[in-house]
Amino acid sequence: QVQLVESGGGLVQPGGSLRLSCAASGSIFSLNTMAWFRQAPGKQREMVATITSGGSTDYTDSVKGRFTISRDNAKNTVYLQMNSLKPEDTAVYYCDAFIIWSLGGREVEHWGQGTRVTVSS
């Protein structure tokens, strides 16, 4: 059974930095596109950043130049380095991954449990 375990959230002052991690475990045949989403109180979940298995990345406009998504394929782990954090970055951050379990199997989307990021002075 695949699990996505996130870590790295917490409380940080405006202008500070945090690094989120998300490790996928289980009998994984192929770990494809991975992403970070976030959901602020009273708002819909939104895509923050995505990264393909080949390393191509995409970001929502509000985090471009401040956040960096990366992955370590040997560790089945995706990271989100968040710099110059703003109060409006406050949200629960979720890891998202598209995984193939076995040769010839179909791609299945999995979500982590979420990690809370609070940006406040």
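The preceding data block contains the structure.
The structure displayed is predicted, hence computed values, not measured ones. (Residues numbered from 1 in each chain as written. Predicted model: local features only at pLDDT ≥ 70, side-chain atom pairs only at ≥ 80, totals over all residues. Heavy atoms only, no water.)

1. Notes on the overall build of the protein chain
For step 1, the next point in the chain: The helix and strand inventory of the protein chain stands at zero helices and 11 strands.
For step 2, the next point in the chain: Starting at the N terminus and ending at the C terminus, the protein chain contains elements arranged as β-β-β-β-β-β-β-β-β-β-β.
For step 3, the next point in the chain: For the protein chain, whose C-alpha radius of gyration is 14 Å, the value lies close to the compact-globule estimate of 14 Å for 121 residues.
For step 4, the next point in the chain: Reported as C-alpha extents along the three principal axes, the dimensions of the protein chain are approximately 50 × 25 × 25 Å.
For step 5, the next point in the chain: Relative to its full complement of 121 residues, the protein chain shows a buried share of 42%.
For step 6, the next point in the chain: Considering only contacts within the protein chain whose residues lie at least 6 apart along the sequence, 54% involve residues at least 24 apart.
For step 7, the next point in the chain: Of the roughly 6400 Å² that the protein chain leaves accessible, carbon and sulfur atoms contribute 46%.
For step 8, the next point in the chain: Side-chain charges in the protein chain split into 11 positive and 10 negative, and the spacing between the mean points of these groups amounts to 4 Å. (Helix = DSSP H or I, 4+ residues; strand = E, 2+ residues; numbered from the N terminus. Rg over C-alpha atoms; globule rule 2.2 N^0.38 Å. Buried < 20%, exposed > 50% of the residue type's maximum accessible area, 1.4 Å probe, protein only. Contact = heavy atoms within 4.5 Å. Areas by Shrake-Rupley, 256 points an atom, 1.4 Å probe, with all protein chains shown as cover. Lys, Arg positive; Asp, Glu negative; His and termini not counted. Charge placed at Lys NZ, Arg CZ, Asp CG, Glu CD.)

2. A short note on the nonpolar core
For step 1, the next point in the chain: In this structure, Trp 36, Leu 80, Met 82 and Tyr 93 are the most contacted members of the largest nonpolar core, which totals 30 residues.
For step 2, the next point in the chain: Taken together, the elements giving at least two residues each to this core come down to β3 (18–25), β4 (30–39), β5 (46–51), β7 (67–72), β8 (77–82), β9 (91–100) and β11 (115–119).
For step 3, the next point in the chain: Among the elements that line this core, the one with the most residues is β9, at five residues. (Core = buried A, V, L, I, M, F, W, Y, C linked by side-chain atoms within 4.5 Å.)

3. Examining the sheet that holds strand β1 (residues 3–7)
For step 1, the next point in the chain: With antiparallel pairing, four strands are arranged side by side in an open sheet as β1-β3-β8-β7. Whereas interior strands pair on both sides, the edge strands pair on one side only; in this sheet they are β1 and β7. Sheet twist, expressed as the average angle between the axes of neighbouring strands with direction ignored, equals 15°.
For step 2, the next point in the chain: By the bridge criterion, five bridges tie β1 to β3 in an arrangement that is antiparallel. Paired with Val 5 across the bridge in β3 is Ala 23. (Pairing = 2+ DSSP bridges. Axes fitted to C-alpha atoms, helices over the stretch in contact; angles between N-to-C directions.)

4. Overview of the pattern of salt bridges
For step 1, the next point in the chain: Scanning the entire structure with this criterion turns up four salt bridges.
For step 2, the next point in the chain: For Glu 46, the salt bridge identified is with Arg 38, shortest N-O distance 2.7 Å.
For step 3, the next point in the chain: Owing to a relative accessible area of 5%, Arg 38 belongs among the buried residues under this scheme.
For step 4, the next point in the chain: One salt-bridge network, in which partners are shared between bridges, spans Arg 38, Glu 46, Arg 66 and Asp 89. (Salt bridge = Lys/Arg side-chain N within 4 Å of Asp/Glu carboxyl O.)

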